Amino acid sequence: MRRSNVIVAEVHQLLREMIKPGVTTMELERVAEEETEKRGAVPAFKGYSGYPYCLCTSINEEVVHGMPSDKKVLKDGDILSVDFGVLLDGFYGDAAVTHPVGTISDEAAKLLKVTEESLDKAIEQIVVGNRLHDISHAVQSHVEAEGFSVVRDFVGHGIGRKLHEAPQVPNFGSPGMGPRLKAGMVLAIEPMINIGGPGVRVLEDGWTAITTDGSLSAHYEHSIAITDEGPYVLSRI
Ligand code: MF3
Ligand code: CO
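Here the structure is a predicted model, which means the values were calculated and not measured.

S.K.: What should I look at first to understand the state of the cysteines in this one?
M.R.: Among covalent bonds in proteins, the disulfide is the one between the sulfur atoms of two cysteines. According to the stated counting rule, one finds zero disulfides in the structure shown. The closest cysteine sulfur to the non-disulfide-bonded Cys-54 is located on Cys-56, 10 Å from its own sulfur. What makes Cys-56 buried here is its relative accessible area of 4%.

S.K.: Where do I start with helix 2 (residues 25–38) in this structure?
M.R.: Since there are 3.6 residues in each turn of an α-helix, residues three or four apart along the chain are aligned in direction. When the terminal C-alpha atoms of helix 2 are compared, their 20 Å separation across 14 residues agrees well with the 20 Å that a helix rising 1.5 Å per residue should span. Among the residues of helix 2, those classed as buried are Thr-25, Met-26, Leu-28, Glu-29, Val-31, Ala-32, Glu-35 and Thr-36. Considering only its buried residues, helix 2 is in contact with helix 1 (2–18), strand 1 (42–43), strand 2 (55–59) and strand 4 (79–88). Gly-40 sits one or two positions beyond helix 2 and adopts a positive phi of about 75°.

S.K.: Quick question: what am I supposed to make of the packing of aromatic side chains here?
M.R.: To describe a pair of aromatic rings, you give the distance between the ring centres and the angle between the ring planes. With the rule as written, the count across this model stands at two aromatic pairs. When the ring of Tyr-51 is compared with that of Tyr-53, the centres are 6.2 Å apart and the planes differ by 75°; the resulting orientation is edge-to-face. Residue classification places Tyr-51 among the buried positions, given a relative accessible area of 3%. What makes Tyr-53 partly exposed here is its relative accessible area of 23%. Taking 4.9 Å as the distance between ring centres and 80° as the angle between the ring planes, the aromatic pair formed by Tyr-51 and Trp-207 counts as edge-to-face. Taken as a pair, Tyr-51 in the loop between strand 1 and strand 2 and Trp-207 in the loop between strand 11 (200–202) and strand 12 (209–211) lie far apart in primary sequence, 156 residues in all. Among the aromatic residues, those joined into a ring-pair cluster are Tyr-51, Tyr-53 and Trp-207. Lying over the aromatic face of Phe-172, Arg-152 brings its terminal NZ or CZ to 4.9 Å of the ring centre.

S.K.: What is the right way to look at the site of ligand 1 in this model?
M.R.: Ligand 1 sits among Phe-45, Tyr-48, Tyr-51, Cys-56, His-65, Asp-83, Asp-94, His-157, His-164, Glu-190, Trp-207 and Glu-221. Here an oxygen atom of ligand 1 sits 2.7 Å away from a polar atom, N or O, in the side chain of His-157. At a separation of 3.0 Å, a nitrogen atom of ligand 1 approaches a polar side-chain atom of Glu-221. Burial of ligand 1 by the protein chains amounts to 94% of its free accessible area of 330 Å². Taken together, the residues that form the shell around ligand 1 break down as five nonpolar, three polar and four charged.

Reading guide: rules and limits
- Residues numbered from 1 in each chain as written.
- Chains lettered and ligands numbered in written order.
- Predicted model: local features only at pLDDT ≥ 70, side-chain atom pairs only at ≥ 80, totals over all residues.
- Heavy atoms only, no water.
- Disulfide = S-S within 2.5 Å.
- Buried < 20%, exposed > 50% of the residue type's maximum accessible area, 1.4 Å probe, protein only.
- Helix = DSSP H or I, 4+ residues; strand = E, 2+ residues; numbered from the N terminus.
- Expected span 1.5 Å × (residues − 1).
- Contact = heavy atoms within 4.5 Å.
- Phe/Tyr/Trp six-rings, centres within 6.5 Å; stacked < 30°, edge-to-face > 60°.
- Lys NZ or Arg CZ within 6 Å of the ring centre and 35° of its normal.
- Near = heavy atom within 4 Å.
- Polar contact = N/O pair within 3.5 Å; in protein donor to acceptor, adjacent residues only side chain to side chain.
- Areas by Shrake-Rupley, 256 points an atom, 1.4 Å probe, with all protein chains shown as cover.
- Nonpolar A, V, L, I, M, F, W, Y, C, P; charged D, E, K, R; others polar.

Spatial relationships are all this shows, so hold off on functional conclusions.
Structure (structure tokens):
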């Protein structure tokens with residue numbers, strides 16, 4: 001799983017360098033597809049429940065599952081969430097990050113910072129003996145203290161020989177609840193955070209989820225192994 005997640009991280013790094021005003025999300029898709037193939041891996045999302053692309057590229061009020069398009073041209077001030085996973089030798093890797101495009105507003109910058117921090121706080125809770133919802137609570141309490149809201153309709157997940165395995169990992173919950181964390185489990189933790197209310201709806205395309213109030217949304221994700229020595233962030237290089 002480390003090897004599949006290193007590929008995920010490497011492709012994310014290449015995409016980060018490409019993201020600037022004028023680039024289309026389809027150009028990012030092409031690079032992700034090529035670089036995955038070069039490394040002998042298979043894109044995890046393409047064909048999953050009929051999803052047609054390697055990447056999810058969600059711009060501004062798009063929360064998750066935005067689709068790459070040569071009509072989607074990034075512009076200064078946008079935020080772009082890129083979600084990407086691969087399958088290598090029978091094991092999945094999965095990670096997401098929200099990028100600023102050019103210069104973004106202070107409010108958007110705060111959203112990115114708080115969302116990334118909420119993932120870091122979740123990761124700190126990934127220790128043997130803690131309970132699953134300790135992770136959820138860490139995300140929710142940080143985000144709500146900063147005045148933002150947690151999306152309820154999508155959650156993180158176990159990951160391994162399948163992209164989505166039990167347990168579901170909500171980004172909201174009460175400390176001390178849920179199953180105990182054990183060494184050997186691998187979780188994909190993925191806070192999706194809105195500036196406005198928590199509501200989302202899916203567009204006519206059947207995939208793109210947007211905030212119901214049109215507010216900006218950010219998404220960060222890592223695949224993390226639980227070890228006796230603490231959390232091992234497999235998708236961080
Ligand atoms: N990171 C997302 C997830 O874990 C991406 C899934 S997109 C899909 O669920 F196309 F594969 F559904
Ligand atoms: Co995921």
